[in-house]
Amino acid sequence: MTFKELDIIEPILKALNEAGYEIPTIIQEKAIPLALNNKDILGLAQTGTGKTAAFTIPIIQQLYQNKENEKVKSIKALILTPTRELAIQINDCIKNYTKYTGVRHTVIYGGVNQNTQVKDLKSGVDILVATPGRLLDLMNQGFVKLNSIRHFVLDEADRMLDMGFIHDIKRLLPKLPKEKQTLFFSATMPRSIATLAATILHNPVKVEVAPVSSVVDTVEQYLYFVEKTDKKELLINLLIKKNKQSALVFSRTKHGADKIARILCKAGIGSESIHGDKSQNARQRALTNFKSNKTRVLIATDIAARGIDIDKLELVINYDLPEIAETYVHRIGRTGRAGNTGMALTFCAPEEKALLKDIQKLTGKDITIAN
Ligand code: AMP
């Protein structure tokens, strides 16, 4: 599945392409078509699953497509999120995705002077990202009007309740027009959240990404903190030391995958790479060689590795950390299947530490440090 197949329009596709988004994540694949159909969504997804793009892209697309009919300068979409960091992060994503659409947006949050935010609001925005306190504050002062809202997103609803925002939300809801699309996202679904969702949503479709942590339990995981320039040497040493029959190595880029294969071959370790720039035939051949143990190591990009099923794969190596935390779980879930033991080794360079944090947050576990 590609973004194009999800009917994403050209100006957004171009921006996604530039941002390096090649394929939709699971939550995107499920939620985007529904959201584009103006359905209400109850989304169960954690950070690191690509949920922000899942709710922002359809909104941007719908606003862009209705642009011709819009004469009024009014806020048409409101995204409510519990923390200032999340608000900024969401606004940054929107900035990326709206690059070629002319859709305007801004973010408001507490703890800072309101003047710049008010100025931005006055210049006119289509999408407003906000934390609850500052939103109510600026509404009371008359700087924010919500009577033209057509899309409303409640992000991280569980955290919102944990942080005591329930009263703010309840005060806010009646100010929104009845006729609107609501997208409700939460990482967990305790009773209180389900109740809140039921009062806000109309005939929602539930969209869920499978709980991921269970996959992880069957695999021994180790972490190596390593400088980027030392990864090659570490890889060679580990492949020799671990003495496993077969290993699947993940590289973030196609170019990187080729380079790793060359380095390993030079070191006398039989290896081949597969990625999107190789022909279907070449990919198939590499895969057959790997499955029949002709080559010991297969280096793949995430896209090329989709759908590859290898029985008794003993070792997965994350040469680079994935951008999306969820991808880590998919990668290591290729080993330790069907009662076999599996091992996953992950390389983390200093500049990849933020990605590692996302993974540990998603899986709820720290990976054992091996060095
Ligand atoms: P989120 O779960 O929304 O916090 O997203 C996690 C990270 O994944 C963010 O850094 C996004 O920029 C990135 N991301 C989201 N969707 C994709 C995609 N389809 N391809 C690549 N990266 C993505």
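Everything numeric here is computed off the predicted structure, so don't read it as measured data.

Moving on, we get to helix H13 (residues 280-291). A rise of 1.5 Å per residue sets the reference length of H13, with its twelve residues, at 16 Å; its end C-alpha atoms lie 16 Å apart and thus fit the reference within 8%. Of all the residues in H13, the buried ones are Ala282, Ala286, Leu287, Asn289 and Phe290. Buried residues of H13, seen end-on, are gathered within an arc of 160 degrees and therefore sit on one face of the element. Across H13 from its buried face, at more than 90 degrees, point the exposed residues Gln280, Asn281 and Arg285.

Positionally, isoleucine 12 belongs in helix H1 (residues 10-18). Given a relative accessible area of 0%, isoleucine 12 falls into the buried group. Residues in contact with isoleucine 12, not counting those within four places in the same chain, are Ile57, Ile60, Gln61, Tyr97 and Thr101.

This paragraph deals with the pairing of strand E10 (residues 271-274). Bridge analysis of E10 against strand E11 (residues 297-300) gives four bridges, and the strand direction is parallel. In the sheet register, serine 271 faces E11, and the bridge partner there is valine 297. As a crossover connection, the stretch from E10 through H13 into E11 is right-handed.

On to the packing of helix H15 (residues 325-332) against helix H16 (residues 353-363). Between two packed helices, the angle of one axis relative to the other and the distance separating the axes together describe the packing. Running from N to C, H15 and H16 cross one another at 70 degrees; their axes reach a closest spacing of 8 Å. By the angle class used here, H15 and H16 are roughly perpendicular. Contact with H15, carried on its side by Ala325, Glu326, Tyr328 and Val329, involves Asp358, Ile359, Leu362 and Thr363 of H16 and no other residues of that element. In the contact of H15 with H16, the residues fall into five nonpolar, one polar and two charged.

Each value, and the rule that gives it
Residues numbered from 1 in each chain as written. Predicted model: local features only at pLDDT ≥ 70, side-chain atom pairs only at ≥ 80, totals over all residues. Heavy atoms only, no water. Helix = DSSP H or I, 4+ residues; strand = E, 2+ residues; numbered from the N terminus. Expected span 1.5 Å × (residues − 1). Buried < 20%, exposed > 50% of the residue type's maximum accessible area, 1.4 Å probe, protein only. Arc of directions from axis to C-beta. Contact = heavy atoms within 4.5 Å. Pairing = 2+ DSSP bridges. Right-handed = clockwise from strand over helix to strand, strands pointing away. Axes fitted to C-alpha atoms, helices over the stretch in contact; angles between N-to-C directions. Parallel < 35°, antiparallel > 145°, perpendicular 65-115°, else oblique. Nonpolar A, V, L, I, M, F, W, Y, C, P; charged D, E, K, R; others polar.

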